[in-house]
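So the chains spell out like this:
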Amino acid sequence: MNTATEKETAVKNAIILISDPLSEEGLQPLREAEGVELKIQTGMTPEELVKAVKEADALLVRSQTQVTREVIEAAGNLKVIGRAGVGVDNIDLEAATERGIIVVNAPDGNTNSAAEHTIAMMTALARNIPQAFLSLKEGKWDRKKFVGVELKEKTLGIVGLGRIGAEVARRAKGQRMSVIAYDPFLTQERAKEMGIAVGTLDEVVAAADFITVHTPLMKETRHLINADRFAKMKDGVRIINCARGGIIDEDALYDAIESGKVAGAALDVFETEPFTGHRLLDLPQVIATPHLGASTIEAQESVAIDVGRDVVRFFDGQPVRNP
Ligand code: NAD
Ligand code: MLT
């Protein structure tokens, strides 16, 4: 048996379909891999994707492409799905596992960018920066309407203290905020090391002036922040979501803002994306960005390189780093 030839043949025949925009620099490891054919087809409809995936050996996506059971079942040759980013909630993992398709992601490459975006959104929310800029562009010089609040000496509640949550905690301490976090895996020792407090979810939401969520979206975290949880919060609390739409119940958030319970919300992610024409966007207390948490040159290069390398490793018969 000539394993070298078999391996070479496997690599030579690999068609890699890229269905979301990925950084060109990040694709370099794939372009340099011998015998790999890259097919870049972004912006496909679900029907177009089902067709395009038929011949693919690998599929590389960001968060836009929905890799549904239908897509996976249409993909006769598919061996690996690469997610250039963290969240794999756009991939039907059960269907992939049933077909023996391995899913790899890039868990570290955008941590810093997402943490920076969270802090930027919290600051913009506290100081009404987007609203004031819009008003100025409309030719108004209104200094009374946009009086904000300071971050200093406020309590930030962090739900989910993983990679991004922990980076947000470090930066918030730099703003002289107190931090209290809830994460089922957070120990008192680690919290002490980080100089933050630890609480149950209800304790965290009750103590915080600002609440930011950083969990994955899964069955257990869908609508983790719901009407009951809003009722337990301080009056005038501010909410930030730069993790995943669906962790916060958007209807409950709308009601909590309308009632005055929540003073404002900064949202980067939504239950349905693209998110346009939603009533939350009509509320002056809501500021939003179109899922830009990881949209920096550095993060996009980094996640594409990480996932590209893992896919090359896979076709090279080496263990992947981030299954
Ligand atoms: P991570 O896996 O490092 O951290 C997630 C943390 O959530 C873990 O510590 C885990 O223990 C905790 N957790 C799980 N279930 C929980 C629960 N029920 N309650 C509280 N905590 C719980 O992930 P990460 O890299 O920090 O990413 C966090 C989130 O941010 C993910 O949803 C990811 O998809 C999202 N994200 C968004 C952007 C963006 O562009 N907006 C960019 C990067 C990541
Ligand atoms: C992620 O989960 O990594 C983010 O949503 C970033 C992205 O895919 O753009």
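Within each chain, residues carry numbers counting from 1 in the order of the written sequence. Chains carry letters from A onward and ligands carry numbers from 1 onward, assigned in written order. Selection of residues for local features in this predicted model requires a pLDDT of at least 70, selection of side-chain atom pairs for listing and counting requires 80 or more, and totals for whole chains, interfaces and linings are taken over all residues.

- The name given to the chain in an unreviewed UniProt entry is D-3-phosphoglycerate dehydrogenase, with the source organism recorded as Bhargavaea beijingensis.
- Within the UniProt record for the chain, the comment given under Pathway (unreviewed entry) is "Amino-acid biosynthesis; L-serine biosynthesis; L-serine from 3-phospho-D-glycerate: step 1/3." UniProt positions are given in the numbering used here, feature names are shortened, and annotations may be inferred rather than shown by experiment.

1. A short note on the overall build of the chain
So, step 1. Counting secondary structure elements, the chain contains 13 helices and 12 strands.
So, step 2. Two things to know: the radius of gyration comes from C-alpha atoms, and the globule rule equals 2.2 Å times the number of residues to the power 0.38. Taken against the 2.2 N^0.38 rule, which gives 20 Å for 323 residues, the C-alpha radius of gyration of the chain at 22 Å falls within 12% of a compact globule.
So, step 3. Oriented by its inertia axes, the alpha-carbon framework of the chain measures out at about 75 × 50 × 30 Å. Going along the chain from the N terminus, every DSSP run of H or I of four or more residues is numbered as a helix, and every run of E of two or more is numbered as a strand.

2. Comments concerning the site of ligand 2
So, step 1. Throughout this description, a residue near a molecule or strand is one whose C-beta atom, derived from the backbone, lies within 6 Å of it. Every residue lining ligand 2 is accounted for by R62, S63, G85, V86, G87, N110, G293 and A294.
So, step 2. Gly is placed with the polar residues, together with every amino acid not listed as nonpolar (Ala, Val, Leu, Ile, Met, Phe, Trp, Tyr, Cys and Pro) or charged (Asp, Glu, Lys and Arg). Class assignment of the residues belonging to the shell around ligand 2 gives a composition of two nonpolar, five polar and one charged.

3. Comments concerning the sheet that holds strand β6 (residues 155-159)
So, step 1. With respect to topology, seven strands assemble into an open sheet ordered β8-β7-β6-β9-β10-β11-β12, the strand pairing being parallel. Of all the strands in the sheet, just β8 (197-198) and β12 (286-288) have a single pairing partner and so form its edges.
So, step 2. What makes two strands pair is DSSP finding at least two bridges between them. In this sheet, strand β7 (residues 178-182) lies alongside β6 in parallel orientation, the contact comprising five bridges. Bridging from a neighbouring strand, I158 pairs with A181 of β7.

4. Describing the sheet that holds strand β2 (residues 37-40)
So, step 1. With parallel pairing, the five strands of this open sheet are ordered in space as β2-β1-β3-β4-β5. Strands at the two margins of the open sheet, each flanked by one partner only, are β2 and β5 (102-105). Sheet twist, expressed as the average angle between the axes of neighbouring strands with direction ignored, equals 20°. For helices, the fitted axis covers only the stretch in contact; all axes are lines through C-alpha atoms, and the angles between them, taken along N-to-C directions, range from 0 to 180 degrees.

5. What about unusual backbone geometry?
So, step 1. Each neighbour pair has its own omega, and for E273 with P274 the value is -5°, a cis peptide bond.
So, step 2. Secondary-structure assignment places P274 in the loop between β11 (262-267) and β12.
So, step 3. The phi dihedral of N128 is positive, around 55°, even though this residue is not glycine.
So, step 4. Looking at the element boundaries, N128 is found in the loop between α6 (111-127) and α7 (129-137).
So, step 5. As a rule, residues whose C-beta atom has 12 or fewer other C-beta atoms within 10 Å are exposed, those with 20 or more are buried, and those in between are partly exposed; C-beta atoms are placed from the backbone. We classify N128 as buried; it has 20 C-beta atoms within 10 Å.
So, step 6. You will see that E153, though not glycine, has its phi angle at about 65°, which is positive.
So, step 7. Considering the arrangement of structural elements, one finds E153 in the loop between α7 and β6.
So, step 8. A residue is classified by how many C-beta atoms lie within 10 Å of it, and E153, with 10 of them, is exposed.

6. Focus on the site of ligand 1
So, step 1. Among the 31 residues in the neighbourhood of ligand 1, the closest are listed as G87, G160, G162, I164 and G293.
So, step 2. Counting residues per element, the ones that place at least two in the shell around ligand 1 are α6 and α8 (163-174).
So, step 3. With three residues, α8 is the largest single contributor of residues to the shell around ligand 1.
So, step 4. For the shell around ligand 1, the per-class residue count stands at 15 nonpolar, 11 polar and five charged.

7. Regarding the nonpolar core
So, step 1. Residues I16, L59, L60, A181 and V311 are the most contacted members of the largest nonpolar core, which totals 92 residues.
So, step 2. Considering each element in turn, this core owes the most residues, nine residues, to helix α13 (residues 297-315).
So, step 3. This entry defines residue contacts through backbone-placed C-beta atoms, with two residues in contact when those atoms are within 7 Å. Look past the residues within four positions of V311 in its chain and what remains in contact with it is I16, L30, A58, L60, V80, G82 and V104. Note on definitions: a nonpolar core is a set of buried residues drawn from Ala, Val, Leu, Ile, Met, Phe, Trp, Tyr and Cys, linked by C-beta atoms within 7 Å.

8. Brief notes about the pairing of β6
So, step 1. Most of β6 sits out of view: four of its five residues are buried.
So, step 2. With the strands aimed away from the viewer, a crossover counts as right-handed if its path from the first strand over the helix to the second runs clockwise. For the crossover that starts at β6, traverses α8 and ends in the parallel β7, the hand is right-handed.
So, step 3. In the sheet, β6 pairs with strand β9 (residues 210-213) via four bridges, with the strands oriented parallel. Of the residues in β9, the one forming a bridge with L156 is F210.

9. Looking at the environment of K152
So, step 1. Tracing the chain through its elements places K152 in the loop between α7 and β6.
So, step 2. Among the residues examined, K152 registers 8 C-beta atoms within 10 Å and is labelled exposed.
So, step 3. Between the C-alpha atom of K152 and that of G174, which follows or precedes it by 22 residues, the distance is 9.3 Å.
So, step 4. Excluding its chain neighbours within four sequence positions, the residues that come into contact with K152 are Q175 and R176.

10. Notes on α6
So, step 1. Here, expected helix span is obtained from the residue count minus one, scaled by 1.5 Å. An ideal rise of 1.5 Å per residue puts 24 Å on 17 residues; α6 measures up with 25 Å between its terminal C-alpha atoms.
So, step 2. Among the 17 residues that make up α6, 12 are buried, leaving the element largely enclosed by the rest of the structure.
So, step 3. The complete set of buried residues in α6 reads T111, S113, A114, A115, H117, T118, I119, M121, M122, A124, L125 and A126.
So, step 4. Positive phi shows up at N128, right after α6, with a value of about 55°.

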